Amino acid sequence: MPCQWAHLLVKLHGMTHQTRTNRNIAIIGAGAAGLAAASVLQRTQSVTLFEQHSVVGGLWRTNDNFKHTALYPSLRSNLPAGLMAFLDFPFQRQLIPEHEGDYPGPAAVAAYLQAYAGHHQLIPKIQFNAEVTRVSPINDTQWLIELADRPAQIFDAVVVCNGHYTQPNRPLIEGSTESGLSVLHAKDYINPDPFRDQQVLVWGSKASGMDLVREISTTAKQVYWCGHDLGMDALVQDKSNVSIHADPTKLNRDAIELADGERLTGVDQVLLCTGYQYQFPFLDEALITIDDNLVHGLHQHILLAKRPTLAFIGLPYLVIPFPLFLIQSQWLNAVLTGQLQLPDAPQLIALSDAEVAQHLAKPGEPRHFHRLGADQLAYLVHLIESAALAPLPDIFLARLKAVHEIKLAHPQDFRAIELPSQTFRDPPPA
Ligand SMILES: Cc1cc2nc3c(=O)[nH]c(=O)nc-3n(C[C@H](O)[C@H](O)[C@H](O)COP(=O)(O)OP(=O)(O)OC[C@H]3O[C@@H](n4cnc5c(N)ncnc54)[C@H](O)[C@@H]3O)c2cc1C
């Protein structure tokens, strides 16, 4: 929707709209996205969070020895704490062990999320060990939430915050099932010990690929890093046992064939860093369809156009996640309260379809519809302007710029570079 039009709508309706508050809102998941949604929506609505585990923090929880999460013990955030934090709650320095510097590991992020939940008094609103098994509309205005091991409950709106780093994306290439090669996914990774003295092919050139290639190279004999992104060499030029190659096209026990015709022999292990897939096992296909990782029918990556009381926080990736979750939640709050009036469902559906069609018409892969990357600021500004939210703080923009510049100049060891202290000093507590 063009910004000016949306603004006008807010202004017009600001004079006439009826504020809709105190409705019962279900939030599925108490990871970073669910906590952000709850912290915002609880100011105007009555919220209940359902979390299938016994703690908050989602992906970052460390209580099962990383066996079931995409993270691993040595992982360090790829954003400094001062940029990663929610805009309304600084990342307290004392949560981060000295040796982690500005880039916290999982335990520190988990502690931060726990502190965030405490700060916003969210814990009493969370039903723990409560797995949502089904979400279905009862009538035009209400939803039934079915749960494993406890009675179903009725809500006026549902916010899905179930994360999207659970279901590994394993590209189907020739031989991937029958080659007999050991093919692992980054989700299985815990430490580099199993790769000692081996020849390892790592496929995938985004942040996880880079981090795991560098870590595995400390024990492996040789790492073949396969992908098609420019600039991969610069990320590993200090590693003599890492070489860069094209994407694999066929897996054989004896030789792996690559897109440029090269054949790699003697590979012991393949590690896929090929991302994850969206999944909403509790939603019927009649409500939502996912096609090659593109979630159809959403307005602004948030609202289900045909039933705009079902929303999703946290779908976009290649973003600064926590601040984005907060702004998406504020936008959603404006919609739920009636502060921001949207067009009716048929028009929302048309807008959503047009956006998908525009994406599919562009060259590139359909599966990256929710990958915002360089478009994330424009997206955030659009949400902010359309719902008349507080603008992005200058300090956030300054930190974003500083980190961008550091990563450009020091792609392989950005975590070791000192941050500009002026920009990264947190304001004293109010
Ligand atoms: C390897 C890796 C590194 C990353 N590094 C960074 C980083 O450095 N900085 C950064 O900001 N982000 C990073 N991220 C991005 C990460 O996605 C976000 O930080 C954030 O954790 C996502 O939060 P979420 O709430 O969307 O999902 P999650 O953290 O996955 O939380 C979802 C929650 O929903 C619950 N849930 C799911 N299904 C149900 C159900 N049916 N019923 C009840 N509960 C349910 C889950 O148990 C979980 O608690 C990284 C991601 C990965 C995979």
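Chemist: Is there a simple way to explain the overall build of the chain in this structure?
Modeler: Broken down by element type, the chain carries eleven helices and 22 strands. For 430 residues, the compact-globule estimate of 2.2 N^0.38 gives 22 Å, and the C-alpha radius of gyration of the chain, at 22 Å, lies within 12% of that figure. Seen along its three principal axes, the alpha-carbon backbone of the chain occupies a region of about 70 × 50 × 45 Å. When the 430 residues of the chain are sorted by exposure, 37% land in the buried category.

Chemist: Explain the site of the ligand to me, please; I cannot follow it from the model alone.
Modeler: Taken together, the neighbourhood of the ligand is formed by 31 residues, with Gly29, Gly31, Gly58, Ser77 and Gly163 sitting nearest. Listing elements by their share of the shell around the ligand, those giving two or more residues are α2 (32–41) and α7 (321–337). The greatest single-element share of the shell around the ligand, amounting to three residues, is contributed by α2. Classifying every residue of the shell around the ligand gives 17 nonpolar, twelve polar and two charged.

Chemist: What is the right way to look at the sheet that holds strand β13 (residues 248–250) in this model?
Modeler: Pairing between sheet strands relies on hydrogen bonds along the backbone, with the strands arranged either parallel or antiparallel. If you trace the three strands from one edge of the open sheet to the other, you get β13-β14-β15, paired in antiparallel fashion. Two strands lie at the open edges of the sheet, namely β13 and β15 (263–265), each paired on one side alone. Sheet twist, expressed as the average angle between the axes of neighbouring strands with direction ignored, equals 40°. As paired strands, β13 and strand β14 (residues 255–258) are joined by two bridges and run antiparallel to one another. Residue pairing across strands places lysine 250 opposite glutamate 257, the latter belonging to β14.

Chemist: Mind showing me how you'd approach the nonpolar core here?
Modeler: Where a protein is soluble and globular, its nonpolar side chains tend to be buried together. Ranked by size, the top nonpolar core spans 109 residues in total, and within it Ala36, Val158, Val159, Val202 and Ile313 carry the most contacts. Top element by residues in this core is α7. It accounts for ten residues. The residue makeup of this core includes at least three contributed by each of domain 1 (3–56 + 122–167 + 277–392) and domain 2 (170–273). Those residues in contact with valine 202 that lie beyond four places of it in its chain are Gly209, Leu212, Val213, Ile216, Val223, Trp225, Cys226, Leu271 and Cys273.

The rules behind each value
Residues numbered from 1 in each chain as written. Predicted model: local features only at pLDDT ≥ 70, side-chain atom pairs only at ≥ 80, totals over all residues. Helix = DSSP H or I, 4+ residues; strand = E, 2+ residues; numbered from the N terminus. Rg over C-alpha atoms; globule rule 2.2 N^0.38 Å. Buried ≥ 20, exposed ≤ 12 C-beta atoms within 10 Å, placed from the backbone. Near = placed C-beta within 6 Å. Nonpolar A, V, L, I, M, F, W, Y, C, P; charged D, E, K, R; others polar. Pairing = 2+ DSSP bridges. Axes fitted to C-alpha atoms, helices over the stretch in contact; angles between N-to-C directions. Core = buried A, V, L, I, M, F, W, Y, C linked by C-beta atoms within 7 Å. Domains from an automatic or database assignment. Contact = placed C-beta atoms within 7 Å.

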